[in-house]
Amino acid sequence: MLDFEINSSEFISGETISSKSEGLRIENMENDNTKLKIIYAATLGTIAVVVFIVAITIGADLYLPLKDWLKNVFSHHWVGKSVLSAIIFGVIAFLTMIFSGQASEEKINKALKILIWLVILGSPAIIGFFIWEALLK
Amino acid sequence: MSAFLSVFLIIHVIFGVVGIFLFGGVALNLLKQKPSFKILKWFSLLGFLGLMISWTISGGYYYVTYYGKAIKPIIQAGATPWVHSVIMETKEHIFLFLPFLAFLTMLIIWLNKESLIEKPRLKNMAAIVSFLIMVIGIAIILAGILISGTASR
(Lines give C-alpha, C1' and ligand atoms only; values in the text may rest on other atoms or scores of the structure.)
Protein backbone atom coordinates (compact mmCIF):
# COMPACT_ATOMS: atom_id res chain seq x y z
CA MET A 1 0.00 0.00 0.00
CA LEU A 2 2.79 2.33 0.98
CA ASP A 3 4.73 1.35 -2.17
CA PHE A 4 1.75 2.12 -4.33
CA GLU A 5 1.31 5.53 -2.72
CA ILE A 6 4.94 6.43 -3.35
CA ASN A 7 4.78 5.23 -6.95
CA SER A 8 1.56 7.05 -7.54
CA SER A 9 2.92 10.32 -6.18
CA GLU A 10 6.10 9.95 -8.29
CA PHE A 11 3.92 9.37 -11.32
CA ILE A 12 1.81 12.44 -10.64
CA SER A 13 4.81 14.70 -9.99
CA GLY A 14 6.60 13.20 -13.02
CA GLU A 15 3.61 13.99 -15.20
CA THR A 16 3.47 17.55 -13.84
CA ILE A 17 7.15 18.09 -14.55
CA SER A 18 6.77 16.64 -18.02
CA SER A 19 3.78 18.84 -18.90
CA LYS A 20 5.58 21.88 -17.45
CA SER A 21 8.67 21.19 -19.53
CA GLU A 22 6.46 20.62 -22.58
CA GLY A 23 4.87 24.01 -21.94
CA LEU A 24 8.30 25.63 -21.64
CA ARG A 25 9.46 23.89 -24.81
CA ILE A 26 6.45 25.23 -26.77
CA GLU A 27 6.99 28.71 -25.30
CA ASN A 28 10.68 28.60 -26.28
CA MET A 29 9.75 27.47 -29.80
CA GLU A 30 7.26 30.33 -30.11
CA ASN A 31 9.87 32.79 -28.82
CA ASP A 32 12.44 31.44 -31.26
CA ASN A 33 9.96 31.66 -34.14
CA THR A 34 9.13 35.29 -33.26
CA LYS A 35 12.83 36.14 -33.16
CA LEU A 36 13.44 34.42 -36.51
CA LYS A 37 10.41 36.22 -37.94
CA ILE A 38 11.77 39.62 -36.82
CA ILE A 39 15.16 38.85 -38.42
CA TYR A 40 13.44 37.63 -41.61
CA ALA A 41 11.27 40.78 -41.74
CA ALA A 42 14.32 43.03 -41.23
CA THR A 43 16.22 41.14 -43.95
CA LEU A 44 13.40 41.60 -46.48
CA GLY A 45 13.11 45.26 -45.43
CA THR A 46 16.85 45.75 -46.07
CA ILE A 47 16.59 43.99 -49.46
CA ALA A 48 13.79 46.40 -50.44
CA VAL A 49 15.89 49.38 -49.27
CA VAL A 50 18.98 48.34 -51.28
CA VAL A 51 16.87 47.86 -54.45
CA PHE A 52 15.11 51.18 -53.80
CA ILE A 53 18.34 53.14 -53.25
CA VAL A 54 19.92 51.83 -56.46
CA ALA A 55 16.70 52.44 -58.44
CA ILE A 56 15.98 55.95 -57.09
CA THR A 57 19.63 57.04 -57.39
CA ILE A 58 19.80 56.11 -61.06
CA GLY A 59 16.13 56.90 -61.80
CA ALA A 60 16.17 60.40 -60.30
CA ASP A 61 19.25 61.38 -62.34
CA LEU A 62 17.82 60.00 -65.57
CA TYR A 63 14.33 61.41 -65.01
CA LEU A 64 14.76 64.90 -63.56
CA PRO A 65 11.09 65.49 -62.64
CA LEU A 66 11.55 62.71 -60.05
CA LYS A 67 14.56 64.53 -58.56
CA ASP A 68 12.58 67.78 -58.54
CA TRP A 69 9.69 66.03 -56.79
CA LEU A 70 12.07 64.74 -54.11
CA LYS A 71 13.48 68.27 -53.65
CA ASN A 72 10.02 69.86 -53.48
CA VAL A 73 8.59 67.38 -51.01
CA PHE A 74 11.63 66.77 -48.76
CA SER A 75 13.64 70.02 -49.25
CA HIS A 76 16.60 68.03 -50.68
CA HIS A 77 16.71 64.99 -52.97
CA TRP A 78 19.08 63.15 -50.60
CA VAL A 79 16.80 63.80 -47.61
CA GLY A 80 13.92 62.40 -49.70
CA LYS A 81 15.88 59.26 -50.53
CA SER A 82 16.84 58.83 -46.86
CA VAL A 83 13.30 59.31 -45.51
CA LEU A 84 11.72 57.09 -48.18
CA SER A 85 14.33 54.36 -47.49
CA ALA A 86 13.40 54.35 -43.80
CA ILE A 87 9.67 54.25 -44.65
CA ILE A 88 10.15 51.40 -47.14
CA PHE A 89 12.15 49.43 -44.57
CA GLY A 90 9.42 49.88 -41.96
CA VAL A 91 6.54 49.02 -44.31
CA ILE A 92 8.16 45.89 -45.80
CA ALA A 93 9.30 44.62 -42.38
CA PHE A 94 5.83 45.27 -40.91
CA LEU A 95 4.03 43.52 -43.79
CA THR A 96 6.40 40.56 -43.54
CA MET A 97 5.73 40.29 -39.80
CA ILE A 98 1.98 40.21 -40.46
CA PHE A 99 1.69 38.12 -43.60
CA SER A 100 4.65 35.73 -43.60
CA GLY A 101 3.97 32.39 -41.95
CA GLN A 102 6.61 30.44 -40.06
CA ALA A 103 10.12 31.82 -40.32
CA SER A 104 13.02 29.41 -40.49
CA GLU A 105 16.78 29.72 -40.41
CA GLU A 106 16.88 28.40 -43.97
CA LYS A 107 14.50 31.13 -45.20
CA ILE A 108 16.62 33.81 -43.47
CA ASN A 109 19.86 32.44 -44.91
CA LYS A 110 18.37 32.50 -48.42
CA ALA A 111 17.16 36.08 -47.96
CA LEU A 112 20.56 37.13 -46.53
CA LYS A 113 22.31 35.56 -49.52
CA ILE A 114 20.11 37.62 -51.88
CA LEU A 115 20.81 40.75 -49.81
CA ILE A 116 24.59 40.18 -49.91
CA TRP A 117 24.53 39.76 -53.70
CA LEU A 118 22.35 42.84 -54.12
CA VAL A 119 24.81 44.94 -52.09
CA ILE A 120 27.78 43.49 -54.03
CA LEU A 121 26.10 44.27 -57.37
CA GLY A 122 24.32 47.47 -56.30
CA SER A 123 27.46 49.34 -55.18
CA PRO A 124 29.31 49.04 -58.56
CA ALA A 125 26.01 49.79 -60.33
CA ILE A 126 25.84 53.17 -58.55
CA ILE A 127 29.51 54.10 -59.11
CA GLY A 128 29.32 52.79 -62.69
CA PHE A 129 26.28 54.96 -63.35
CA PHE A 130 27.97 58.12 -62.03
CA ILE A 131 31.15 57.39 -64.03
CA TRP A 132 29.01 57.00 -67.15
CA GLU A 133 26.97 60.13 -66.38
CA ALA A 134 29.95 62.36 -65.57
CA LEU A 135 32.64 61.14 -67.91
CA LEU A 136 31.20 59.04 -70.71
CA LYS A 137 27.72 60.40 -71.48
CA MET B 1 32.54 77.48 -42.15
CA SER B 2 31.04 78.29 -38.76
CA ALA B 3 32.37 76.64 -35.59
CA PHE B 4 28.99 74.92 -35.23
CA LEU B 5 29.28 73.27 -38.66
CA SER B 6 32.93 72.37 -38.04
CA VAL B 7 31.83 70.46 -34.93
CA PHE B 8 29.13 68.69 -36.95
CA LEU B 9 31.68 67.71 -39.59
CA ILE B 10 34.08 66.36 -36.93
CA ILE B 11 31.23 64.40 -35.30
CA HIS B 12 30.25 63.03 -38.73
CA VAL B 13 33.79 61.80 -39.41
CA ILE B 14 34.51 60.40 -35.92
CA PHE B 15 31.21 58.57 -35.47
CA GLY B 16 31.29 57.26 -39.04
CA VAL B 17 34.86 55.92 -38.76
CA VAL B 18 34.27 54.43 -35.30
CA GLY B 19 31.01 52.81 -36.46
CA ILE B 20 32.68 51.26 -39.50
CA PHE B 21 35.62 49.85 -37.53
CA LEU B 22 33.31 48.49 -34.83
CA PHE B 23 31.63 46.45 -37.56
CA GLY B 24 35.10 45.31 -38.64
CA GLY B 25 35.44 44.03 -35.08
CA VAL B 26 32.01 42.35 -35.32
CA ALA B 27 33.03 40.60 -38.57
CA LEU B 28 36.30 39.30 -37.10
CA ASN B 29 34.61 38.20 -33.87
CA LEU B 30 31.86 36.34 -35.73
CA LEU B 31 34.49 34.36 -37.65
CA LYS B 32 35.84 32.95 -34.37
CA GLN B 33 34.63 29.50 -33.29
CA LYS B 34 33.72 30.85 -29.88
CA PRO B 35 32.97 34.55 -30.29
CA SER B 36 32.59 36.87 -27.32
CA PHE B 37 28.92 37.81 -27.27
CA LYS B 38 29.57 40.65 -24.87
CA ILE B 39 31.85 42.24 -27.49
CA LEU B 40 29.47 41.39 -30.35
CA LYS B 41 26.48 42.96 -28.61
CA TRP B 42 28.22 46.19 -27.67
CA PHE B 43 30.20 46.58 -30.90
CA SER B 44 27.08 46.07 -33.04
CA LEU B 45 24.93 48.42 -30.94
CA LEU B 46 27.55 51.18 -30.74
CA GLY B 47 28.49 50.68 -34.40
CA PHE B 48 24.85 51.07 -35.43
CA LEU B 49 24.40 54.19 -33.26
CA GLY B 50 27.66 55.64 -34.64
CA LEU B 51 26.45 55.19 -38.22
CA MET B 52 23.03 56.66 -37.36
CA ILE B 53 24.63 59.77 -35.83
CA SER B 54 27.00 60.07 -38.79
CA TRP B 55 24.06 59.71 -41.21
CA THR B 56 21.40 61.92 -39.67
CA ILE B 57 22.20 64.62 -37.16
CA SER B 58 25.79 65.36 -38.18
CA GLY B 59 26.56 64.33 -41.78
CA GLY B 60 23.08 64.87 -43.12
CA TYR B 61 22.82 68.34 -41.61
CA TYR B 62 26.26 69.37 -42.84
CA TYR B 63 25.64 67.97 -46.33
CA VAL B 64 22.22 69.54 -46.80
CA THR B 65 22.97 72.96 -45.31
CA TYR B 66 26.61 73.55 -46.28
CA TYR B 67 28.18 71.15 -48.79
CA GLY B 68 25.91 71.98 -51.76
CA LYS B 69 26.26 75.73 -51.32
CA ALA B 70 29.92 76.08 -50.35
CA ILE B 71 31.97 72.99 -51.20
CA LYS B 72 30.34 71.59 -54.35
CA PRO B 73 30.89 74.81 -56.41
CA ILE B 74 34.59 74.88 -55.42
CA ILE B 75 35.11 71.28 -56.54
CA GLN B 76 33.11 71.76 -59.75
CA ALA B 77 35.13 74.84 -60.67
CA GLY B 78 38.46 73.11 -60.02
CA ALA B 79 40.63 70.84 -62.13
CA THR B 80 38.87 67.67 -60.93
CA PRO B 81 35.09 68.19 -61.05
CA TRP B 82 34.63 64.41 -61.20
CA VAL B 83 35.47 64.33 -57.49
CA HIS B 84 31.97 65.67 -56.92
CA SER B 85 30.11 64.15 -59.86
CA VAL B 86 31.50 60.64 -59.37
CA ILE B 87 33.05 60.29 -55.90
CA MET B 88 30.71 62.46 -53.78
CA GLU B 89 27.58 61.32 -55.62
CA THR B 90 28.57 57.67 -55.11
CA LYS B 91 29.55 58.26 -51.46
CA GLU B 92 26.31 59.97 -50.45
CA HIS B 93 24.16 57.24 -52.02
CA ILE B 94 26.07 54.06 -51.16
CA PHE B 95 26.33 55.28 -47.57
CA LEU B 96 22.55 54.84 -47.30
CA PHE B 97 23.03 51.05 -47.37
CA LEU B 98 25.07 51.07 -44.17
CA PRO B 99 22.60 52.01 -41.39
CA PHE B 100 20.16 49.34 -42.59
CA LEU B 101 22.83 46.64 -42.91
CA ALA B 102 24.11 47.64 -39.46
CA PHE B 103 20.62 47.46 -37.93
CA LEU B 104 20.06 44.01 -39.44
CA THR B 105 23.39 42.70 -38.11
CA MET B 106 22.64 44.13 -34.69
CA LEU B 107 19.23 42.41 -34.67
CA ILE B 108 20.75 39.03 -35.64
CA ILE B 109 23.24 39.32 -32.77
CA TRP B 110 20.89 40.67 -30.07
CA LEU B 111 18.03 38.28 -30.84
CA ASN B 112 20.20 35.16 -30.99
CA LYS B 113 22.97 35.96 -28.51
CA GLU B 114 24.85 32.77 -27.50
CA SER B 115 22.50 30.52 -29.53
CA LEU B 116 24.07 31.99 -32.69
CA ILE B 117 26.86 29.41 -32.21
CA GLU B 118 24.26 26.69 -32.88
CA LYS B 119 23.39 28.42 -36.18
CA PRO B 120 26.74 28.48 -38.01
CA ARG B 121 25.28 29.49 -41.40
CA LEU B 122 23.43 32.47 -39.92
CA LYS B 123 26.58 33.41 -37.98
CA ASN B 124 28.62 33.33 -41.21
CA MET B 125 26.01 35.37 -43.08
CA ALA B 126 26.08 37.99 -40.31
CA ALA B 127 29.90 38.01 -40.60
CA ILE B 128 29.68 38.62 -44.37
CA VAL B 129 27.18 41.48 -43.89
CA SER B 130 29.48 43.04 -41.24
CA PHE B 131 32.45 42.60 -43.57
CA LEU B 132 30.52 44.37 -46.35
CA ILE B 133 29.75 47.27 -43.97
CA MET B 134 33.48 47.53 -43.25
CA VAL B 135 34.59 47.34 -46.91
CA ILE B 136 31.99 49.85 -48.16
CA GLY B 137 32.74 51.99 -45.10
CA ILE B 138 36.48 52.10 -45.81
CA ALA B 139 35.74 53.06 -49.43
CA ILE B 140 33.52 55.88 -48.09
CA ILE B 141 36.25 57.06 -45.68
CA LEU B 142 38.77 57.19 -48.56
CA ALA B 143 36.20 59.05 -50.70
CA GLY B 144 35.71 61.55 -47.84
CA ILE B 145 39.48 62.14 -47.62
CA LEU B 146 39.62 62.75 -51.39
CA ILE B 147 36.67 65.16 -51.30
CA SER B 148 38.05 67.14 -48.33
CA GLY B 149 41.51 67.25 -49.92
CA THR B 150 40.10 68.50 -53.23
CA ALA B 151 38.00 71.19 -51.57
CA SER B 152 40.85 72.51 -49.43
CA ARG B 153 43.41 72.66 -52.24
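Procedures and definitions
- Residues numbered from 1 in each chain as written.
- Chains lettered and ligands numbered in written order.
- Predicted model: local features only at pLDDT ≥ 70, side-chain atom pairs only at ≥ 80, totals over all residues.
- Heavy atoms only, no water.
- Phe/Tyr/Trp six-rings, centres within 6.5 Å; stacked < 30°, edge-to-face > 60°.
- Helix = DSSP H or I, 4+ residues; strand = E, 2+ residues; numbered from the N terminus.
- Buried < 20%, exposed > 50% of the residue type's maximum accessible area, 1.4 Å probe, protein only.
- Lys NZ or Arg CZ within 6 Å of the ring centre and 35° of its normal.
- 1 Å grid on protein atoms, 1.4 Å probe; cavity = no way out; pocket = protein on both sides within 12 Å on 5 of 7 lines; lining within 4 Å.
- Points joined across faces, edges and corners; volume = space filled by probe spheres on them.
- Nonpolar A, V, L, I, M, F, W, Y, C, P; charged D, E, K, R; others polar.
- Expected span 1.5 Å × (residues − 1).
- Contact = heavy atoms within 4.5 Å.
- Buried area = accessible area lost by both parts, 1.4 Å probe.
- Salt bridge = Lys/Arg side-chain N within 4 Å of Asp/Glu carboxyl O.
- Polar contact = N/O pair within 3.5 Å; in protein donor to acceptor, adjacent residues only side chain to side chain.
- Core = buried A, V, L, I, M, F, W, Y, C linked by side-chain atoms within 4.5 Å.
- Axes fitted to C-alpha atoms, helices over the stretch in contact; angles between N-to-C directions.
- Parallel < 35°, antiparallel > 145°, perpendicular 65-115°, else oblique.

Draft legend 1. Spotlight on the packing of aromatic side chains. This model, assessed by the stated rule, comprises 14 aromatic pairs over all chains. On the basis of an interplanar angle of 45 degrees and a centroid distance of 5.6 Å, the ring pair of Phe 89 of chain A and Phe 100 of chain B is categorised as tilted. Residue Phe 89 of chain A is located in helix H3 (residues 77–99), and its partner Phe 100 of chain B is located in helix H4 (residues 97–112); the two belong to separate chains. Ring centres of Trp 42 of chain B and Trp 110 of chain B lie 6.2 Å apart, and the angle between their planes is 85 degrees; on these two criteria the pair is classed as edge-to-face. Of this pair, Trp 42 of chain B sits in helix H2 (residues 37–77) while Trp 110 of chain B sits in helix H4, and the two are 68 residues apart along the sequence. Judged by relative accessible area, which is 44%, Trp 42 of chain B ranks as partly exposed. We classify Trp 110 of chain B as partly exposed; its relative accessible area is 28%. Among the aromatic residues, those joined into a ring-pair cluster are Phe 89 of chain A together with Phe 48, Trp 55, Phe 100 and Phe 103 of chain B. Over the face of the ring belonging to Trp 110 of chain B we find Lys 41 of chain B, whose NZ or CZ atom lies 5.1 Å from the ring centre.

Draft legend 2. Examining the layout of surface pockets more closely. All names here are of chain B. There is about 580 Å³ of room inside the largest pocket. Of all elements in the fold, only helix H1 (3–31), H2, helix H3 (82–94) and helix H5 (120–152) reach the threshold of two or more residues within the lining of the largest pocket. Residues belonging to the lining of the largest pocket are distributed by class as follows: 18 nonpolar, eight polar and two charged. There is about 210 Å³ of room inside the second largest pocket.

Draft legend 3. View of H4 of chain B. Residues and elements named next belong to chain B. Here H4 is 16 residues long and its end C-alpha atoms lie 23 Å apart, about the 22 Å a rise of 1.5 Å per residue gives. Among the 16 residues in H4, 14 count as buried, and that is most of the element. Just past H4, the residue Lys 113 takes up positive phi, approximately 45 degrees.

Draft legend 4. Spotlight on the interface of chain B and chain A. Listed by partner, the interface residues are 30 residues for chain B and 39 residues for chain A. Together, the buried faces of chain B and chain A total about 3,200 Å²; carbon and sulfur atoms form 81% of this surface. Counting every contact that joins chain B to chain A gives zero salt bridges. Inspection of the chain B/chain A interface yields three residue pairs in polar contact (both at pLDDT 80 or more). Only H2, H3, H4 and H5 of chain B provide two or more residues apiece to the side of chain B that touches chain A. With nine residues, the single largest contributor to the side of chain B that touches chain A is H4 of chain B. For the side of chain B that touches chain A, the residue count by class is 21 nonpolar, five polar and four charged.

Draft legend 5. Representation of the nonpolar core. The biggest cluster of nonpolar side chains holds 74 residues, and the ones touching the most others in it are Leu 112 of chain A together with Phe 97 of chain B. Dropping the residues within four chain positions of it, Leu 112 of chain A is found in contact with Thr 43 of chain A together with Leu 104, Ile 108, Leu 122, Met 125 and Val 129 of chain B.

Draft legend 6. Fine view of the pattern of salt bridges. All names here are of chain A. Inspection of every chain in the model, using the stated rule, returns one salt bridge over all chains. Across the pair Lys 67 and Asp 61 runs a salt bridge, and its minimum N-O distance is 2.9 Å. Like Lys 67, the residue Asp 61 is buried in the burial classification.

Draft legend 7. Representation of the packing of H2 of chain B against H3 of chain B in the model. All names here are of chain B. Close contact between H2 and H3 brings their axes to 10 Å; oriented N to C, the two are set at 155 degrees. Judged on the interaxial angle alone, H3 and H2 are roughly antiparallel. Facing Tyr 63, Tyr 67, Lys 72, Ile 75 and Gln 76 of H2, the residues of H3 in contact are Val 83, His 84, Met 88 and Glu 92. Classifying every residue of the contact of H2 with H3 gives five nonpolar, two polar and two charged.

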